[in-house]
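Notes for the structure review
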Amino acid sequence: MEQQLTRVPPRGKLADAIRYALTRWHGLTRFLHDGCVELDTNPVERAIRPVALGRKNHLFAGSDVGGERWATLCSLVETCKMNDVEPYAYLRDVLQRMVDGYPANRLDELLPWKWKTAAVKS
């Protein structure tokens, strides 16, 4: 790319693209040096798609408090996914326990990673 850069018009779009790639060369080739680095960003893009798609809808949560509650719910759902917990089953169980009088001082026991362990023991 460095050789080709000298052969193209310096103010052209191709020269801009080559310079862009060269200034980011370390990041672009990082996967060659570290086998744990993914070659593409598709998994990351799939993970953030629901947030990006819902961004405008989330503006209409009704109020700041409603927005905070929506953010909490989204965080819980994503935490479930990260811990291989099915979000609907988790929320159904935890909300039912809360309605049934689960002690408020023990709600930390119902966090997704602890809930999964407790569900396996049951």
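Above: the structure in question.
The rules behind these values
Residues numbered from 1 in each chain as written. Predicted model: local features only at pLDDT ≥ 70, side-chain atom pairs only at ≥ 80, totals over all residues. Heavy atoms only, no water. Patch = residues over 30% accessible without salt bridge, like charges linked within 9 Å, V, L, I, M, F, W, Y side chains within 5 Å. Areas by Shrake-Rupley, 256 points an atom, 1.4 Å probe, with all protein chains shown as cover. Salt bridge = Lys/Arg side-chain N within 4 Å of Asp/Glu carboxyl O. Buried < 20%, exposed > 50% of the residue type's maximum accessible area, 1.4 Å probe, protein only. Helix = DSSP H or I, 4+ residues; strand = E, 2+ residues; numbered from the N terminus. Core = buried A, V, L, I, M, F, W, Y, C linked by side-chain atoms within 4.5 Å. Contact = heavy atoms within 4.5 Å. Expected span 1.5 Å × (residues − 1). Arc of directions from axis to C-beta.

On the surface, Phe31, Leu32, Val37 and Leu39 cluster together into a nonpolar patch covering about 370 Å² of accessible area. Residue classification places Phe31 among the partly exposed residues on the basis of a relative accessible area of 30%.

Counted under the stated rule, the structure contains 5 salt bridges. Here Arg19 makes a salt bridge to Asp16, at a shortest N to O gap of 2.8 Å. One end of the pair, Arg19, and the other, Asp16, are both in helix α2 (residues 13-23), 3 residues apart, so they sit about a helical turn from each other. For Arg19, a relative accessible area of 33% corresponds to the partly exposed category.

Our next topic: the nonpolar core. Proteins that are soluble and globular tend to have nonpolar side chains buried together. Counting residues in hydrophobic clusters, the biggest one holds 8 residues: Cys80, Val85, Ala89, Tyr90, Val94, Tyr102, Leu110 and Trp115. In terms of residue count, the dominant contributor to this core is helix α7 (residues 87-99) (3 residues). Non-local contacts of Val85, meaning those with residues more than four positions away in its chain, are made with Cys80, Tyr90, Pro112, Trp115 and Lys116.

What follows is about α7. With 13 residues, α7 should reach 18 Å at 1.5 Å per residue; the first-to-last C-alpha distance of 18 Å fits that figure. Within the sequence span of α7, burial applies to Pro87, Ala89, Tyr90 and Val94. Buried residues of α7 fall within an arc of 165 degrees about the axis and therefore sit on the same side. Seen from the buried face of α7, the exposed residues on the opposite side, beyond 90 degrees, are Tyr88, Leu95 and Val99.

Limitation: the analysis is restricted to geometry and does not speak to function.
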